[in-house]
Amino acid sequence: MTNVSPTILSKLSVQLHTQPAHPLSTLRSLVESHFPAYAHLSSVSPLVTPHQNFDLLSFPPDHPGRSVTDSYYINKDLMLRTHTSAHEVDVFSRGEKTWLLTADVYRRDEIDASHYPVFHQTEGCRIVSADAAGMQEIQDDNARLEDHLRRSHILIEDVPHLSPTNPCQPAHDPKHTELIAKNLKLSLNSLILRLFGGKQAEGEPLRVRWIEATFPWTTPSFEVEVFFRGKWLEILGCGVIHQATLDNSNVPNKLGWAFGLGLERIAMVLYSIPDIRLFWSQDPRFLSQFKQGEINTFRPYSKYPTCFKDVSFWLPTDTTLHDNDFCDLVRDVAGDTVENVKIVSQLGLWG
Ligand code: DAH
């Protein structure tokens, strides 16, 4: 069976995150520019096996995400990825140690202004050798990042790197896990500062909140929320990668972290785009508002396409009709949906 509808199929080739000037493309480049030394992948096919999407990441056999009501299947052995984590094992197996992968992901969902069956994520991963040299590299990086964050106007509500409900994996040394989790948090706080910093009200710090979470392929795991325009916004999930995932990738004696960032959510608040469906618009009134590399505030426009109505009428010769009389008539009949009224031509008595 397949449950991939023609509407969904039509999205596969669009690749909004690589269309120059599109807000999702600008956001992707912004994230990439924050991790300049990482490999940047952005054209990986959305077709994956359930094995890649779920099994290799230790999803339990009865996980609801596997069901045909939640995910799109081409057939029982091939599906549309539901998250960019589906590529972790492939990319690690190819030998990449630090990489970002941005892609379209597909989930069956409700219809409203913040849900769409296709959206975009950036997966980011870093692994290092589980030895003194690897840990030194992480420690040096932590010192650099801590210094940078200390000098920035950012207020972080943290949770412990490890806790009884968010423990170290049995195969790992807790000291190593602490360093890796700290590096994950510092790297992401610094990315968040890059994306959201400098846009707060005068004198207000950027507020970031870390929360314990659970994901099948990371432990400890966290979610991150950012306080922006008066609301807490959940923007990513992350954690220390499970040993099983790295074993599946054939990278022995390594450990590291992974995160998955939801691009639409972030772009919606940064650009003030009120409806997720607008990202798919081909309307020049949407597309012409953006330039590659620039974040600007979206100017709303009518959700209906422009249309022209010519209205002609005769007047008795002994009446006068002022333009404003006609405008009031239009207002009474059509209300505020009318954006513009123009005289196209005025004919004399005999035409
Ligand atoms: N794949 C998760 C999602 O779609 C996000 C995520 C969570 C990615 C934790 C990660 C991670 O790499 O470690 O909700």
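To keep things clear, this report deals only with the structure shown in the data block.

About the thresholds
- Residues numbered from 1 in each chain as written.
- Predicted model: local features only at pLDDT ≥ 70, side-chain atom pairs only at ≥ 80, totals over all residues.
- Heavy atoms only, no water.
- Salt bridge = Lys/Arg side-chain N within 4 Å of Asp/Glu carboxyl O.
- Helix = DSSP H or I, 4+ residues; strand = E, 2+ residues; numbered from the N terminus.
- Buried < 20%, exposed > 50% of the residue type's maximum accessible area, 1.4 Å probe, protein only.
- Patch = residues over 30% accessible without salt bridge, like charges linked within 9 Å, V, L, I, M, F, W, Y side chains within 5 Å.
- Areas by Shrake-Rupley, 256 points an atom, 1.4 Å probe, with all protein chains shown as cover.
- Axes fitted to C-alpha atoms, helices over the stretch in contact; angles between N-to-C directions.
- Parallel < 35°, antiparallel > 145°, perpendicular 65-115°, else oblique.
- Left-handed = near helix turned anticlockwise from the far one by under 90°.
- Contact = heavy atoms within 4.5 Å.
- Nonpolar A, V, L, I, M, F, W, Y, C, P; charged D, E, K, R; others polar.
- Phe/Tyr/Trp six-rings, centres within 6.5 Å; stacked < 30°, edge-to-face > 60°.
- Lys NZ or Arg CZ within 6 Å of the ring centre and 35° of its normal.

### Digging into the pattern of salt bridges
(1) Moving on: For the coordinates displayed, the defined rule picks out 16 salt bridges.
(2) Moving on: Across the salt bridge formed by E146 and K182, the nearest N and O atoms sit 3.3 Å from each other. One end of the pair, E146, is in helix α5 (residues 132–150); the other, K182, is in helix α6 (residues 174–196), and 36 residues separate them in sequence.
(3) Moving on: When its relative accessible area of 30% is taken as the criterion, E146 is described as partly exposed.
(4) Moving on: By relative accessible area, which is 28% here, K182 ends up partly exposed.
(5) Moving on: A salt bridge links R207 to E157; the shortest N-O distance between them is 3.6 Å.

### Some thoughts on a nonpolar patch on the surface
(1) Moving on: On the surface, V311, F313, L315 and L321 cluster together into a nonpolar patch covering about 360 Å² of accessible area.
(2) Moving on: Among the residues examined, V311 registers a relative accessible area of 56% and is labelled exposed.

### Thoughts on the packing of helix α2 (residues 23–34) against α6
(1) Moving on: Contact pair α2 / α6: the axes reach a minimum separation of 10 Å and the direction vectors enclose 135°. What the angle tells us is that α2 and α6 run oblique. Once α2 is placed against α6, the crossing between them reads as right-handed. Residues L27, L30, V31, S33 and H34 of α2 form the contact with α6, whose own contacting residues are S187, S190, L191, R194 and L195.
(2) Moving on: The residue makeup of the contact of α2 with α6, split by class, is five nonpolar, four polar and one charged.

### Here's the deal with the packing of aromatic side chains
(1) Moving on: Applying the stated criterion to the full structure yields 15 aromatic pairs.
(2) Moving on: Seen from their ring centres, F59 and W217 are 5.5 Å apart, and the 20° between their planes marks the pair as stacked. A residue pair is termed long-range when its members are at least 10 positions apart, and F59 in the loop between α3 (50–53) and β3 (73–75) and W217 in the loop between β8 (206–215) and β9 (218–228) qualify at 158 residues.
(3) Moving on: For F59, a relative accessible area of 10% puts it in the buried group.
(4) Moving on: Its relative accessible area of 9% is what places W217 among the buried residues.
(5) Moving on: Every member of this aromatic cluster is reached through a ring pair, and the members are Y271, F286, F290, F298 and Y301.
(6) Moving on: One cation-aromatic arrangement involves K11 over W280; the distance from NZ or CZ to the ring centre is 5.0 Å.
(7) Moving on: If you follow R209 out to its NZ or CZ, it ends over the ring of W232, 4.0 Å from the centre.

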